[in-house]
Amino acid sequence: MDACHFRCAEGQAFEKGHFEREQTRTCALFDKTGAAESIDCSLFISGAAKMTAQNGFGQILSPLSVDEALAAMAHGAVPIAGATWVMRAPLRHEPLPGQLLSLSGLNDLHDLTIDTKCASLGAMTTHDKLAVALAPHADLSGLAAAAGNSANPGIRRVATLGGNIATSAFAASDLAPALLAADATVILATASGQKALPMETFLASRAGLGHGGLILRVEIPRSPRNAAHARLPMRKAGDYPCAIVSISVSVLAGMIADIRIAVGAVEPTARRWTALEDRLIGTAYDPARAEAEARKLTDGFTAREAIDAPGWYRLSVLPVLLRRAFLKLQAGV
Amino acid sequence: MPIELNINGDTITLEIDPRTPLLDVLRDRQRLTGAKAVCREGFCGACTVHVDGQPVPSCLRPVGMLQGCRIVTVEGLAPSGTLNRVQQAFIDHDVVQCGMCFPGMVMTLTEFLDREPSPSRDQIKTALVGNICRCTGYERIIDAVLSMQTEAAK
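Residues numbered from 1 in each chain as written. Chains lettered and ligands numbered in written order. Predicted model: local features only at pLDDT ≥ 70, side-chain atom pairs only at ≥ 80, totals over all residues.

Caption draft 1: Representation of the overall build of chain A within the structure. If you tally the helices and strands in chain A, you get eleven helices and 15 strands. When each of the 333 residues of chain A is scored for burial, the buried share is 47%. Within chain A, residue pairs in contact and separated by at least 24 positions form 62% of the contacts whose partners lie at least 6 positions apart. (Helix = DSSP H or I, 4+ residues; strand = E, 2+ residues; numbered from the N terminus. Buried ≥ 20, exposed ≤ 12 C-beta atoms within 10 Å, placed from the backbone. Contact = placed C-beta atoms within 7 Å.)

Here is the structure:
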């Protein structure tokens, strides 16, 4: 058996892979295919670690490779990046997962490269780093604005790209609509190899991915477009938005040659507003007209009711947000 | 297995669940009560501390992820018995009201002023969007920060 090698959160390295299961003294020794056998943990872990299990403490595992992370996930460990969502589990009346899997040690997930053809954004990239890195690029400026205005500065220093888009229960993600508008692809590691999913497919299937995939990075094809992000939080800043519109547009001689429009925070999951895209392509780039067209098409959404805003309100502000996104680009298109 | 943390320059060792928020370790184990437990969801900023020089909400940082990091709380910003320049400005301008937000404000502003020594009023407001003052004492806080530039220019 080719045992995996983990560091526990407590800092102990184990020569033979192990982790506790469901806070019992039974551990699983597993190989890189994910095959596991149950053994008594006393064979492999120190007295102190056993005490941890007996005390009912949880664990934070720190895999040293993607294979190790996938193997641990197959046995129920929950990956964490910035941990800003999982640490709020008690507020949602949910238990904290017993085994967390810190991805901090996976160096490839921290990579961020932008060249003329592609922007490759590692899953562990924090919001504040994304905002700084993407801001100079017109086609990526919508995503930069999304990353640079979400939540508040303290959260942005910790919360990551991968953690944000993996959280299917979080409807008000700023990154999700911005990535849809950017035509992003999510690269996942799975037990059967890497998988590339268009952002839309990823969002539709992520809740069902369970322990089956680890987000490695997001790739965005570069193109001569302009992008903008408009959001409406209840406070001026430092809050989640009740509605978001992200656009990425190509304008030739004042006419919209192509446009992608994505809406976030209105429905449980962000999505493209294709009916409006079809209506605007081939027309003049006109913020007022775009708002008017949007107002005719809001009934295509089933807006969510939540404590921050009722559904009707989210729908009523969408056309305004679209106009604001258009206005942000007007000088440059 | 013990967890080792570096807090205000001291190395401490704890037998604790690694998922425990740093905030709880600071307040309950170390009696460093400057960081306040208010919203516990990263929105109020009252629990802000520096981790490797960055102001972050300690309520959302599990201690198991912080081994090897340098943690500084409001108690560790200046040598014992002294104040740093933001703390002194807060006193000079009678900024502190109920006292819940100001340690977090001090942590945020200390790092911000290191990066941006001569900020505008709007820049200060932007820096503070993650620090909520329930006494709504924002303007005096901002005045205090701006006064530091005036004092420095004298």
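Caption draft 2: Region of interest: the pairing of strand β3 (residues 48–51) of chain B. Residues and elements named next belong to chain B. The side-chain alternation of β3 yields two buried faces, one formed by Thr48 and His50 and the other by Val49 and Val51. Where β3 hands over to strand β4 (residues 54–57), the hairpin turn is made up of two residues, of which aspartate 52 adopts a positive phi near 50°. As paired strands, β3 and strand β5 (residues 70–72) are joined by two bridges and run antiparallel to one another. Across the sheet, the residue bridging to histidine 50 is valine 72, located in β5. (Pairing = 2+ DSSP bridges.)

Caption draft 3: Layout of the pairing of strand β13 (residues 241–252) of chain A. Residues and elements named next belong to chain A. Counted residue by residue, β13 has nine buried out of twelve residues, so it is predominantly covered. Note that strand β12 (residues 226–233) and β13 share eight bridges and pair antiparallel. Of the residues in β13, the one forming a bridge with arginine 231 is isoleucine 244. Pairing analysis gives nine bridges linking β13 to strand β14 (residues 255–264), with the strands arranged antiparallel. When the bridges of β14 are listed, isoleucine 247 appears paired with isoleucine 261. Here β13 hands over to β14 after two residues, with alanine 253 in that stretch at a positive phi of 50°.

Caption draft 4: Spotlight on the sheet that holds strand β7 (residues 112–114) of chain A. All names here are of chain A. Here we have five strands laid out as an open sheet, ordered β7-β8-β11-β9-β10, and antiparallel in their pairing. One side of each edge strand has no neighbouring strand; the edge strands of this open sheet are β7 and β10 (193–198). Each neighbouring strand pair of the sheet contributes to a mean axis angle of 20°, computed without reference to strand direction. With five bridges joining them, strand β9 (residues 185–190) and strand β11 (residues 214–221) adopt antiparallel strand pairing. By the bridge assignment for β11, isoleucine 187 is matched with arginine 217. Across the sheet, helix α8 (residues 199–209) is in contact with β9 and β10; its angle to β10 comes to roughly 105°. (Axes fitted to C-alpha atoms, helices over the stretch in contact; angles between N-to-C directions.)

Caption draft 5: Quick look at helix α4 (residues 141–149) of chain A. All names here are of chain A. Across the nine residues of α4, seven count as buried, placing the element largely inside the fold. Restricting attention to buried positions, one finds in α4 the residues Ser141, Gly142, Leu143, Ala144, Ala145, Ala146 and Ala147. Looking one or two residues beyond α4, the residue adopting positive phi is alanine 151, at roughly 45°.

Caption draft 6: Highlighting the sheet that holds β14(A). Residues and elements named next belong to chain A. What the four strands build is an open sheet, ordered β12-β13-β14-β15; its pairing is antiparallel. Where the open sheet ends on each side, the last strands, each with one partner, are β12 and β15 (271–272). Relative to β15, β14 runs antiparallel, the two sharing two bridges. Among the inter-strand pairings, alanine 262 is bridged to a residue of β15, identified as arginine 272. Lying over the sheet, α4 contacts β12 and β13, oriented at roughly 30° with respect to β12.

Caption draft 7: Local environment of the environment of Glu293(A). Tracing the sequence through the fold places Glu293(A) in helix α10 (residues 287–296). Excluding residues within four positions of it along the chain, Glu293(A) makes contact with Leu276(A), Arg279(A) and Leu280(A).

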